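Close look at the chain arrangement
Below are the chains, spelled out letter by letter.
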Amino acid sequence: MRFARTPHVARKERAEVAAKAIFALMAAAMVVPLVLIVGYLVYLAWPSLGWEFLVDVPRRGMTEGGIWPAFVGTLYLVGISLLVSAPIGVLAAIYLNEYARDNWFNRVVNLAVINLAGVPSIVHALFGLGAFVYAARLGYSILSAALTLAIMTLPVIIASTREALASVPMAFREACWNVGATRWQTIRAVVLPNSISGILTGIILQVSRAAGETAPIMFTGAVFFKAVGRGELFPYGLHEQCMALSMHLYTLATQVPNVKESLPYATAVVLLGSVLLVNASAIALRVWLRGRKKW
Amino acid sequence: MSPENAPDPAPVHRPQRPRWALLGERAFEALIRLSGVSAIVFVAAIFFFVLREAAPVLVREDFSLGQFLFSTEWYPTSATNVRYGTLALTVGTLSVTALAMALAVPFGLGAAIYLSEFCSARVRETLKVVIELLSAIPSVVWGFVGLTVMSRLIVDLTGAPVGVNVLNGGIILALMSVPVIVSIGEDALKAVPDSYREAGLALGATRWQLVYRVLLPAARNGLLAAVLLGVGRAVGETMAVLMATGHAVHIPQGILDSVRTLTANIAAELGEAPAGSDHYRVLFLTGTLLFLITFAVNLTADFVVRGIRRK
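Note that this is a predicted model, so its numbers are computed, not measured.

The next thing to look at is the overall build of chain A. Within chain A, the regular secondary structure consists of 11 helices and 2 strands. In sequence order, the secondary structure elements of chain A are arranged as α-α-β-β-α-α-α-α-α-α-α-α-α. Computed over C-alpha atoms, the radius of gyration of chain A comes to 24 Å, more than 25% over the 19 Å expected from 2.2 N^0.38 for 295 residues, which places it beyond the range of a compact globule. A total of 295 residues make up chain A; the buried ones form 48% of that total.

Shown next as structure tokens:
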């Protein structure tokens, strides 16, 4: 049964509908740019896109050709930075979630993680230049750039790993302690196996972040151009400088005159495409694993 | 029979873990603790190494900190009279950030409210994926979009002489900081206990009345933190503003003026400044300034969030 609507109730309900519509529009305003931007970039990039574009080297002063050296360079940087940041990040998260008591020292550690996440990328670049390139005498090299990237991605790996660890129910740990296991045995036998999927998803997401960064590598090890064989798999040594996709896009867009119209767009599409692909697969993996969870 | 005279109990066989396993565990736990404190080490190292490169210029007689902070004259390569005033750059950062927040805060909070209060679970999951993808777009791609697509649009729609300006940078930065505001804002709304909602609905409030009479006041601190983190992201953003705001070191007169921000200035000039020169050191000093600004913003956001947890 429903009461007759008074003018007050009618007004209330109109306000409700209007509010819902406005908020829905605001939410939709986030979807639209993503679709428009990706669509428009792909449309403009279309003439250049293809397998040949990926494996060919830049030609004629970078105004034609492909992006192979930049693509491989990005793989190098991301891979090496991950080798450093993933172990430290996961161990730090284990410390914060499994060992740390709630005291002033660990609050400072937490604040440090939050602040590390908020440091601007260009300040990371300055740090990399001051610490790795000059103080550690690594010079402008893949190693310097990858280490800079590693420190930049560390807080996000810590955050995502902590979230994965925290999602393991406390009762699991208590059951394990009660049969006499130590803290570390509990972590190895119970906590990690139950959270490894979440940890991996977080790390995969981090890969895509690192791949898109430009400022931190610009002054520590990435260069405008480096001659590399077409499709060559291991063109760089660790102490050499390398090209990177993000940097290559910046260069094509702002520094090189008379570039073939579709070339920077195609570079942007490859960068954006790889980042979104890695991201989407991590999200899909997470959704799939969540469906299989037993608790 | 007194307990002292009791015969020894039969020896219990306690399986012992081998010595190496115990030592290994100790060593590993030490490694875990070491990694745990690494965050402090890295934050301190960042401050130390950036300040170390900047320090020599601070003690020079012809360098004045007042001029560095409050002069609008930035002529780092002038042959006769070199001046390092960053006020115009600071104002550039502030103007772009302010415009970005004016756009991103209403949209971000609106979307957060929609996500947590109005939409179905299925729509929510979809939108959260979109937000995650949006936040994954690299800043150099945003900058490229600003430089090409957005700048053409702005020239066509407003008739401005150049399309790379405050408006362009503001829109791009707004799109970049919206995901942060939405996800943190949604968390803040989620943290309001359901009993508040039930009490409101039981009194006959509509969802909208519930939102602005109950949820917004209750989640105020969390929403403020969301906005602050958005500001932090916008202030620290480099590549996007480098490409989208044009390169004019002056106080902007309107939103169609080109500006340069603190971050973009470092990125644009660091490559040209010889290592160890005054110019190079002043750029590091700008980096120190940026570090301190974002440090303060993040710290404030954290204290604001901690405020709600206490309650």
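Assigned secondary structure in chain B consists of 12 helices and 2 strands. The secondary structure elements of chain B, listed N-terminal to C-terminal, are α-α-β-β-α-α-α-α-α-α-α-α-α-α. In terms of overall size, chain B is more extended than a compact globule, its C-alpha atoms giving a radius of gyration of 27 Å where 311 residues would be expected to give roughly 19 Å. Looking at chain B residue by residue over its 311 residues, the buried ones come to 46%. Look at the contacts in chain B between residues 6 or more apart in sequence, and 74% of them connect residues 24 or more apart.

By size, the foremost hydrophobic cluster in this structure holds 184 residues, and its most contacted members are Ala268(A), Ile172(B) and Ile181(B). Here the element with the most residues in this core is helix α3 (residues 68–99) of chain A; it accounts for 17 residues.

Before going further, it helps to examine the interface of chain A and chain B. On the chain B side, the residues contacting the 70 residues of chain A number 68 residues. Per-element tally for the side of chain A that touches chain B: the top contributor is helix α1 (residues 7–45) of chain A, with 18 residues. Here the residues of the side of chain A that touches chain B sort into 54 nonpolar, 11 polar and 5 charged.

What follows concerns helix α5 (residues 139–158) of chain B. At 3.6 residues per turn, the α-helix brings residues three or four places apart onto the same side. The largest bend in α5(B) amounts to roughly 40° and is located at Met150(B). After α5(B) finishes, the residue Gly159(B) shows a positive phi value of roughly 70°.

A separate point is the packing of helix α7 (residues 170–178) of chain A against helix α8 (residues 183–212) of chain A. Residues and elements named next belong to chain A. Packing of α7 against α8 leaves a shortest axis separation of 10 Å and a crossing angle of 160°. Looking at the two axes, α7 sits roughly antiparallel to α8. The handedness of the crossing between α7 and α8 comes out as right-handed. Facing Phe172, Arg173, Cys176 and Trp177 of α7, the residues of α8 in contact are Thr186, Ala189, Val190, Val191 and Asn194.

This part covers the packing of α5(B) against helix α6 (residues 166–190) of chain B. Residue and element names in this part refer to chain B. In the contact formed by α5 and α6, the axes pass within 9 Å of each other and the chain directions differ by 135°. Taken together, the axis directions place α5 and α6 in an arrangement best described as oblique. You can see that α5 and α6 cross each other, and the crossing is right-handed. Listed contacts from α6 to Ser139, Trp142, Val145, Gly146, Met150, Ser151 and Ile154 of α5 are Leu167, Asn168, Gly169, Ile171, Ile172, Leu175 and Met176. Within the contact of α5 with α6, the residues separate by chemical class into 9 nonpolar, 5 polar and no charged.

Glancing now at the confidence of the model for chain B. On average, chain B scores 85 in pLDDT, and the residues at 70 or more come to 95%. The complex model carries a pTM of 0.87, and its ipTM stands at 0.88.

Turning to the environment of Ile142(A), a few remarks are in order. Residues and elements named next belong to chain A. Turning to its location among the elements, isoleucine 142 is positioned in helix α6 (residues 142–166). Distance from isoleucine 142 to serine 81, taken between C-alpha atoms, is 9.7 Å for residues 61 residues apart in sequence. With sequence-adjacent residues up to four places away left out, isoleucine 142 is seen in contact with Tyr76, Leu77, Ile80, Gly221, Tyr236, Leu238, Glu240 and Cys242.

This next bit is on unusual backbone geometry. We note that Arg137(A) has phi near 55°; this positive angle belongs to a residue other than glycine. Owing to 8 C-beta atoms within 10 Å, Arg137(A) belongs among the exposed residues under this scheme.

Another point: the environment of Thr214(A). Relative to the elements of secondary structure, Thr214(A) occurs in the loop between α8 and α9 (215–218). On a C-alpha basis, the gap between Thr214(A) and His248(A) in space is 9.3 Å, while along the polypeptide they are 34 residues apart. If we skip the residues at most four places from it in the chain, Thr214(A) touches Ser246(A), Met247(A), Tyr250(A), Ser139(B), Val140(B) and Met239(B).

The next point concerns the environment of Ala211(A). Residues and elements named next belong to chain A. One can find alanine 211 in helix α8. Between the alpha carbons of alanine 211 and valine 259 there is a distance of 24 Å; along the sequence they are 48 residues apart. Apart from the residues lying within four places of it in its own chain, the contact partners of alanine 211 are Thr74, Val78, Ser274 and Val275.

What counts and how
- Residues numbered from 1 in each chain as written.
- Chains lettered and ligands numbered in written order.
- Predicted model: local features only at pLDDT ≥ 70, side-chain atom pairs only at ≥ 80, totals over all residues.
- Helix = DSSP H or I, 4+ residues; strand = E, 2+ residues; numbered from the N terminus.
- Rg over C-alpha atoms; globule rule 2.2 N^0.38 Å.
- Buried ≥ 20, exposed ≤ 12 C-beta atoms within 10 Å, placed from the backbone.
- Contact = placed C-beta atoms within 7 Å.
- Core = buried A, V, L, I, M, F, W, Y, C linked by C-beta atoms within 7 Å.
- Nonpolar A, V, L, I, M, F, W, Y, C, P; charged D, E, K, R; others polar.
- Bend = angle between axes of the 7 residues up to and from the residue.
- Axes fitted to C-alpha atoms, helices over the stretch in contact; angles between N-to-C directions.
- Parallel < 35°, antiparallel > 145°, perpendicular 65-115°, else oblique.
- Left-handed = near helix turned anticlockwise from the far one by under 90°.
- pLDDT = per-residue confidence, 0-100.

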